[in-house]
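# Chain and residue survey
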Amino acid sequence: MEETYKDRTSLVKGAKDIAKEVKRQAVKKVNKAVDKAQDGYTQRSYSRFQDEEDDDDYYVQGGNYGVEVNDDEGSSEATEGHDEDDEIYEGEYQGIPNMGQGKDGMVALGQPVRDEYKDRHELETERKADEEELAQQYELIIQECGHGRFQWALFFVLGMALMADGVEVFVVGFVLPSAETDMCIPNSGSGWLGSIVYLGMMVGAFFWGGLADKVGRRQSLLICMSVNGFFAFLSSFVQGYGFFLFCRLFSGFGIGGAVPTVFSYFSEVLAREKRGEHLSWLCMFWMIGGIYASAMAWAIIPHYGWSFSMGSAYQFHSWRVFVIVCALPCVSSVVALTFMPESPRFLLEVGKHDEAWMILKQIHDTNMRARGQPEKVFTVNRIKTPKQIDELIEIESDTGTWYRRCFVRIRTELYGIWLTFMRCFNYPVKDNTIKLTAVWFTLSFGYYGLSVWFPDVIKHLQSDEYASRVKHFRNEEVSHFVFNFTLENQIHSNGEYINDRFIMMKFKSVTFEDSLFKNCVFEDITSLNTYFRNCTFMNTTFYNTDLEQYKFVDSELINCTFFHVRTGCQISFDDDYSAYWIYFVNFLGTLAVLPGNIVSALLMDRIGRLTMLGGSMVLSGISCFFLWFGTSESMMIGMLCLYNGLTISAWNSLDVITVELYPTDRRATGFGFLNALCKAAAVLGNLIFGSLVGITKAIPILLASTVLVCGGLVGLRLPDTRTQVLM
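Quick caveat, the model's predicted, so the values are computed rather than measured. (Residues numbered from 1 in each chain as written. Predicted model: local features only at pLDDT ≥ 70, side-chain atom pairs only at ≥ 80, totals over all residues. Heavy atoms only, no water.)

For the rest of this paragraph, the subject is the overall build of the protein. Secondary structure assignment for the protein yields 21 helices and 18 strands. The buried share among the 727 residues of the protein stands at 48%. A separation of at least 24 residues holds for 66% of the contacts in the protein among residues at least 6 apart in sequence. Surface exposure of the protein reaches about 34700 Å², of which carbon and sulfur atoms provide 58%. (Helix = DSSP H or I, 4+ residues; strand = E, 2+ residues; numbered from the N terminus. Buried < 20%, exposed > 50% of the residue type's maximum accessible area, 1.4 Å probe, protein only. Contact = heavy atoms within 4.5 Å. Areas by Shrake-Rupley, 256 points an atom, 1.4 Å probe, with all protein chains shown as cover.)

Right, let's talk about the sheet that holds strand S17 (residues 556-558) for a bit. The five strands lie next to each other as S6-S9-S11-S14-S17, forming an open sheet whose pairing is parallel. One side of each edge strand has no neighbouring strand; the edge strands of this open sheet are strand S6 (477-479) and S17. The sheet shows a mean angle of 5° between the axes of neighbouring strands, direction not considered. Where strand S14 (residues 536-538) and S17 come together, three bridges link them in parallel fashion. Within S17, the residue paired with Met538 across the bridge is Ile558. (Pairing = 2+ DSSP bridges. Axes fitted to C-alpha atoms, helices over the stretch in contact; angles between N-to-C directions.)

Positive phi values are uncommon outside glycine, yet Met504 reaches one of about 50°. Along the chain, the position of Met504 falls in strand S10 (residues 501-513). Judged by relative accessible area, which is 64%, Met504 ranks as exposed. The residue Asp554 is not glycine, and still its phi comes out positive at about 50°. Tracing the sequence through the fold places Asp554 in the loop between strand S16 (552-553) and S17. Owing to a relative accessible area of 65%, Asp554 belongs among the exposed residues under this scheme.

In this section: the packing of helix H6 (residues 217-235) against helix H8 (residues 258-267). Helix-helix packing is characterised by the crossing angle of the two axes and by the distance between the axes. Where H6 contacts H8, the two axes come as close as 10 Å, and the packing angle between them is 150°. Between H6 and H8, the crossing angle belongs to the class labelled roughly antiparallel. Crossing angle aside, the handedness with which H6 passes H8 is left-handed. Within the contact between the two elements, H6 uses Arg217, Arg218, Ser220, Leu221, Cys224 and Met225 and H8 uses Ala258, Thr261, Val262, Ser264 and Tyr265. (Parallel < 35°, antiparallel > 145°, perpendicular 65-115°, else oblique. Left-handed = near helix turned anticlockwise from the far one by under 90°.)

For the rest of this paragraph, the subject is the side chain of Lys551. In this fold, Lys551 is placed in the loop between strand S15 (541-545) and S16. In this view, Lys551 contacts Ser527, Thr530, Tyr531, Phe532 and Asp546; residues no more than four positions away in its chain are not counted.

Turning to the pattern of salt bridges, a few remarks are in order. A side chain of one charge can pair with a side chain of the opposite charge if their charged atoms are brought near each other. Taken as a whole, this structure holds eleven salt bridges when the rule is applied. For Arg609, the salt bridge goes to Asp605, with nearest N and O atoms at 2.6 Å. On the basis of relative accessible area, Arg609 is assigned to the buried category, the value being 1%. (Salt bridge = Lys/Arg side-chain N within 4 Å of Asp/Glu carboxyl O.)

This next bit is on the side chain of Arg609. Locating Arg609 in the fold gives a position in helix H18 (residues 609-623). Separated by 3.5 Å, the side chain of Arg609 and the backbone oxygen of Met604 make a polar contact. Within polar-contact distance, the side chain of Arg609 engages the side chain of Glu660 at 2.8 Å. Discounting residues that sit within four places of it in the chain, Arg609 has contacts with Gly276, Met604, Ser653, Val656, Ile657, Glu660, Thr721 and Arg722. (Polar contact = N/O pair within 3.5 Å; in protein donor to acceptor, adjacent residues only side chain to side chain.)

Before going further, it helps to spend a moment on helix H10 (residues 318-326). The element H10 is extensively covered by neighbouring structure, given that seven of its nine residues are classed as buried. Every buried residue of H10 is listed here: Ser318, Trp319, Arg320, Phe322, Val323, Val325 and Cys326.

Glancing now at the packing of helix H9 (residues 272-300) against H10. Where H9 contacts H10, the two axes come as close as 10 Å, and the packing angle between them is 150°. One element, H9, and the other, H10, form an angle in the roughly antiparallel class. For the pair H9 and H10, the crossing hand works out as right-handed. Residue-level inspection shows Tyr292, Ala293, Met296, Ala297 and Ile300 of H9 in contact with H10, the latter providing Ser318, Val321, Phe322, Val325 and Cys326.

Here S10 runs beside strand S12 (residues 521-528); their pairing, made up of seven bridges, is parallel. Within the sheet, the bridge partner assigned to Met505 lies in S12 and is Ile525. Where S12 meets S15, four bridges bridge the pair, whose relative direction is parallel. Bridging across to S15, Phe522 finds its partner in Phe542.

Burial of strand S8 (residues 487-493) is extensive: five of the seven residues sit out of reach of the surface. Sheet analysis places strand S5 (residues 471-474) next to S8, joined by four bridges and oriented parallel. Across the sheet, the residue bridging to Phe473 is His492, located in S8. Sheet analysis places S8 next to S10, joined by six bridges and oriented parallel. Looking at S10, one finds that Glu488 is bridged to Lys508.

A separate point is the packing of aromatic side chains. The way to describe two aromatic rings as a pair is by their centre distance and the angle between their planes. This structure, assessed with the given rule, holds 48 aromatic pairs. Ring centres 4.8 Å apart and planes at 75° place the aromatic pair Phe481 and Phe483 in the edge-to-face group. Arranged with centres 5.9 Å apart and planes meeting at 55°, the rings of Phe483 and Phe485 form a pair that is tilted. A residue is classified by how much of its surface remains accessible, and Phe483, at 10% relative accessible area, is buried. (Phe/Tyr/Trp six-rings, centres within 6.5 Å; stacked < 30°, edge-to-face > 60°.)

A grouping of Leu619, Ile622, Phe625, Phe626, Trp628, Phe629, Met635 and Leu702 is seen on the molecular surface, where their side chains present a nonpolar patch of about 770 Å² in accessible area. Mapped onto the secondary structure, Leu702 falls in helix H21 (residues 698-715). Accessibility expressed as a relative area gives 39% for Leu702, which makes it partly exposed. (Patch = residues over 30% accessible without salt bridge, like charges linked within 9 Å, V, L, I, M, F, W, Y side chains within 5 Å.)

One can find Phe502 in strand S10. Counting along the chain gives 21 residues from Phe502 to Phe481, while the straight-line C-alpha distance between them is 8.5 Å. In contact with Phe502, not counting residues within four places along its chain, are Phe483, Tyr497, Phe507, Phe517, Cys520, Val521, Phe522, Glu523 and Ile525.

Following the sequence through the fold, Phe626 ends up in the loop between H18 and helix H19 (633-661). Linking Phe626 and Met639, residues 13 residues apart in sequence, is a C-alpha distance of 7.4 Å.

Bringing H18 into the picture now. What sets the pattern is the α-helix's 3.6 residues per turn: residues three or four places apart point alike. With 15 residues, H18 extends 21 Å between its outermost C-alpha atoms, agreeing within 8% with the 21 Å of an ideal straight helix rising 1.5 Å per residue. Listing the buried residues of H18 in full gives Arg609, Leu610, Met612, Leu613, Gly614, Ser616, Met617, Ser620, Gly621 and Ser623. (Expected span 1.5 Å × (residues − 1).)

Attention now goes to the state of the cysteines. Evaluated as defined, the whole model comprises zero disulfides. Left unpaired, Cys224 is separated from the closest cysteine sulfur, that of Cys330, by 8.0 Å. Relative accessible area serves as the criterion here: at 0%, Cys224 is assigned to the buried category. (Disulfide = S-S within 2.5 Å.)

Turning next to the confidence of the model for the protein. Residues with a pLDDT of 70 or more make up 71% of the protein, whose mean pLDDT is 75. The low-confidence segment residues 1-8, where pLDDT is below 50, has zero contacts with residues more than four positions distant or belonging to other chains. Note that pLDDT drops below 50 for residues 392-399; the model gives that stretch nine contacts with residues more than four away or on any other chain. (pLDDT = per-residue confidence, 0-100.)

Spelled out as structure tokens, the structure:
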């Protein structure tokens with residue numbers, strides 16, 4: 001019995017010794033795996049750790065991944081050694097370890113404090129550490145996925161959305177002259193159309209950018225582009241000016257989210273060495289949108305034969321066809337976006353590991369098949385996900401009504417967007433936000449201010465030249481004469497017209513002053529910028545004319561009769577002598593951006609973002625001085641093309657820098673805020689520069705030059721992001 005007891009005692013003791021040794025070896029292996037993983041991140045190798053003492057070492061901590069790969073034979077030890085019933089093939093995703101198992105394992109290794117017992121500062125510190133680790137890891141994953149068919153497909157889809165933004169900026173300027181005439185917009189109200197679109201874009205940029213950091217880049221972009229497409233399409237059919245303003249306001253609100261969301265989305269599927277160049281190529285679609293809008297305006301708006309009417313209440317002119325055509329890029333982007341996945345970087349940021357892994361595998365497999373390497377395996381099976389800090393929201397799901405729950409949800413989302421925006425002013429991104437604010441504001445103020453000033457200056461030069469060719473007729477005495485031809489750019493003073501007939505005529509920029517019309521007939525008359533000032537009409541008949549009361553300034557009508565007066569505003573493109581020229585000037589100005597786009601894309605990663613930004617803004621400011629010598633239309637157009645070509649490099653580099661300076665959880669919000677600031681600066685620039693048109697050249701030139709040069713110098717103080725991974 002004693003021998004049996006001793007044997008049992010020795011067995012128990014041996015088992016305890018074996019258990020202690022196994023536990024010690026397990027801790028040793030986990031610590032070695034952690035050290036090896038950290039070394040792997042430093043050496044930019046996340047799955048090919050060198051073989052050391054043990055062949056079966058593996059990394060099992062919940063948020064990380066690591067699979068040893070034999071490059072020659074393409075096998076993975078993490079997937080070997082399974083029996084046939086539970087076989088896991090190479091590269092197959094094995095899921096996230098059960099959270100309970102992870103907690104048990106952690107307790108066995110030292111029992112760390114649970115999340116519910118930590119304060120918010122500790123949780124945020126842990127999340128920040130996780131985000132830094134994820135940033136390095138994600139860069140290596142994107143490099144393994146490669147750059148190929150998937151990125152190019154997304155490039156064109158997002159390019160259509162960016163093209164729609166470019167179209168929206170130009171479409172109002174092209175539509176404004178025709179819409180003013182068609183809707184009888186008074187001069188006091190015409191300025192609202194251009195300003196209200198920028199107002200909608202300003203609010204939309206901030207809202208949709210913040211929403212993209214809450215619900216995802218793809219989801220936010222789909223909604224905002226759908227809003228833009230719907231209201232842009234609707235605006236082409238509405239008749240009233242107020243409703244038209246309403247539609248363009250919401251159209252601008254929708255398209256405001258395109259720029260911040262598009263650049264945030266595309267940057268998160270690009271490797272570091274590709275990011276600067278390909279984001280610059282993406283900027284070309286904005287230029288393509290401007291060219292598209294200019295070409296369509298040139299081809300469609302002048303053809304008033306395309307219009308139709310439904311009685312006298314509904315008129316559908318060619319400018320409305322132009323508005324519909326300009327909505328096509330937006331509709332195309334919405335359709336194409338439905339086939340694209342969400343940004344995997346965003347999904348990892350919000351803890352959706354499985355969805356992000358599937359999308360990264362899709363990117364990898366798509367690119368490898370396009371390269372003719374379908375057998376190449378996606379070796380990633382664990383990706384770091386930052387610690388999620390839950391926010392408790394009281395929605396009153398049991399007692400509250402549905403609209404109460406919706407109100408609380410909307411209020412919560414808006415408050416979340418505001419909190420994310422305020423975090424853009426926290427360390428360490430606070431200084432970058434302030435500097436970017438200065439650069440975005442100065443560049444937008446100078447660019448949009450001069451962009452409005454250029455066409456208006458050309459218009460004033462045309463008007464001055466047109467006025468210099470005016471013909472003066474004084475003390476005319478015409479009787480029993482039939483006028484049946486066009487009168488243009490003439491001033492008639494102190495004339496007498498007795499028993500004359502004005503039949504099937506066009507008056508273009510004609511003024512009658514201090515004249516007498518007695519026993520005359522006006523029949524089938526169309527007029528533009530034609531006025532009768534201090535004239536007297538006696539026994540005169542007006543039949544089928546558009547000579548309304550406001551065209552008779554301080555005039556006296558004695559025993560006159562009006563039949564079939566054409567009320568409202570009559571459109572005739574031929575009457576607008578500068579419309580063709582405006583379309584052509586905008587087309588040339590937009591086309592001049594092409595060389596600057598190409599140069600910036602090729603040199604973005606070679607000379608750096610900061611050099612490109614500062615140099616472009618300083619050169620643009622210097623080029624403004626040459627405007628002082630612009631005395632003709634051709635010279636001003638040349639200056640416009642030079643200025644646009646120099647400025648585009650600054651815009652491209654600023655877009656790239658903004659994307660790279662903000663972390664993923666604030667990237668779209670920060671970009672949206674800066675883009676909203678851009679639109680506010682554009683409105684301010686329009687007001688200031690527009691008020692100075694025709695008064696003096698000195699103030700706009702000096703103001704634009706100073707602002708651009710100062711903004712360029714501030715831009716040089718930003719940190720260089722060329723060698724950094726996305727935070």
